[in-house]
Amino acid sequence: MPQPALIGTYPLPGMPGATLTVGWPHNAQKMAEIFRNGPVKLADDIETFGIGRDAGPGKIKCDTFATEREAVIFDPRDPRDRAEILRAQAYASSLIMHNAPFDCPSKAINDLFPIEHVDKTTDTLVWARLATPGLIPKDLDACLERYLGIVSEPILKLFRSLGYKSKREGFLNLDVDAPSYLFGAASDAVGTARLDSV
């Protein structure tokens, strides 16, 4: 299991006013701080090995929970982080995802999404489809640009700058031991939290 490239709390590039917290025990302490006044709404986003034969069904590299200002990354391959993922989901007042039909089953396959959490899960992708019908892109990056004016570099550009030829190859090989991977995971979750307020 790779060790996180960063340990502690850092400013999140591209998301003004937001931070990223990663690595034990900092991530668990940050979640306790987020919940200090009781349950809160959390964005929840996973990063996997991608799709395809080499990736395996739903193998998760990290699970990121976020408010509009704080992202906290957990690695479910670490038993301590796995327990914190389950605790955060159980205590959250609601869970916000972008493309829940991908994230929820992947988490369920890994025993990280008890069925009782379905009722408190919303999907910003469904909202985007209702708000903007038709063939207009509704992936997370497109929604962040359209509704919040947040423009991010395409993931393929990042992967190519790191020597990967395709998205498939990048998702398969990058992991939490790369700072760019952590920043991307945190940005996705904070972006999802911010979309929820639109």
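Residues numbered from 1 in each chain as written. Predicted model: local features only at pLDDT ≥ 70, side-chain atom pairs only at ≥ 80, totals over all residues. Heavy atoms only, no water.

**Here's the deal with the environment of Ile96**
In step 1: Secondary-structure assignment places Ile96 in strand β6 (residues 94–97).
In step 2: Ile96 sits in the buried class, given a relative accessible area of 2%.
In step 3: The spacing of Ile96 and Ser152 is 56 residues in sequence and 20 Å in space, taken between C-alpha atoms.
In step 4: When near neighbours in sequence (up to four residues on either side) are disregarded, Ile96 contacts Lys41, Leu42, Ala43, Asp44, Thr122, Thr124, Thr192 and Asp196. (Helix = DSSP H or I, 4+ residues; strand = E, 2+ residues; numbered from the N terminus. Buried < 20%, exposed > 50% of the residue type's maximum accessible area, 1.4 Å probe, protein only. Contact = heavy atoms within 4.5 Å.)

**Some points on the nonpolar core**
In step 1: Core analysis: the largest hydrophobic core is formed by 29 residues, its most contacted members being Leu12, Met15, Leu20, Ile73, Leu182 and Val190.
In step 2: Contributions of two or more residues to this core are made by β2 (19–22), β4 (60–66), β5 (70–74), α5 (140–148) and α8 (179–196).
In step 3: Broken down by element, this core gets its largest block of residues, eight residues, from α8.
In step 4: With sequence-adjacent residues up to four places away left out, Val190 is seen in contact with Leu12, Met15, Ala18, Ala66, Thr67, Glu68, Glu70 and Ala71.
In step 5: Core analysis: the next-biggest nonpolar cluster, separate from the first, contains 18 residues, Met31, Phe65, Ala92 and Leu95 among them. (Core = buried A, V, L, I, M, F, W, Y, C linked by side-chain atoms within 4.5 Å.)

**Details of the packing of α5 against α8**
In step 1: Two elements in contact, α5 and α8, have axes separated by 10 Å at closest approach and are oriented at 45°. Viewed along their axes, α5 and α8 adopt a mutual orientation that is oblique. The hand of the α5/α8 crossing is left-handed. In contact with Leu140, Cys143, Leu144, Tyr147 and Leu148 of α5, α8 contributes Asp188, Gly191, Thr192, Arg194 and Leu195.
In step 2: Within the contact of α5 with α8, the residues separate by chemical class into six nonpolar, two polar and two charged. (Axes fitted to C-alpha atoms, helices over the stretch in contact; angles between N-to-C directions. Parallel < 35°, antiparallel > 145°, perpendicular 65-115°, else oblique. Left-handed = near helix turned anticlockwise from the far one by under 90°. Nonpolar A, V, L, I, M, F, W, Y, C, P; charged D, E, K, R; others polar.)

**Points about the pattern of salt bridges**
In step 1: Evaluation of the coordinates by the stated rule reveals nine salt bridges.
In step 2: With a closest N to O distance of 2.3 Å, Glu84 and Arg87 form a salt bridge. Taken together, the residues span about one helical turn, with Glu84 and Arg87 both in helix α2 (residues 79–91) at a distance of three residues.
In step 3: Residue classification places Arg87 among the partly exposed positions, given a relative accessible area of 48%.
In step 4: Ionic contacts of the salt-bridge type, sharing partners, join the residues Lys30, Glu33 and Glu70 into one network. (Salt bridge = Lys/Arg side-chain N within 4 Å of Asp/Glu carboxyl O.)

**Some remarks on the packing of aromatic side chains**
In step 1: With the rule as written, the count across this model stands at three aromatic pairs.
In step 2: Relative to Tyr91, the ring of Phe35 has its centre 4.8 Å away and its plane inclined at 85°; by these criteria the two rings are edge-to-face. Taken together, the positions of Phe35 in the loop between α1 (26–34) and β3 (41–48) and Tyr91 in helix α2 put the pair 56 residues apart, joining distant regions of the chain.
In step 3: The class for Phe35 is buried, based on a relative accessible area of 11%.
In step 4: Both rings, one in Phe159 and one in Phe171, keep their centres 5.0 Å apart while their planes meet at 80°; by these two values the pair is edge-to-face. Linking Phe159 in helix α6 (residues 155–161) with Phe171 in helix α7 (residues 167–173), this pair joins segments that are twelve residues apart in sequence.
In step 5: Among the residues examined, Phe159 registers a relative accessible area of 1% and is labelled buried.
In step 6: One residue, Lys61, lies across the ring of Phe49, its end atom 4.3 Å from the ring centre. (Phe/Tyr/Trp six-rings, centres within 6.5 Å; stacked < 30°, edge-to-face > 60°. Lys NZ or Arg CZ within 6 Å of the ring centre and 35° of its normal.)

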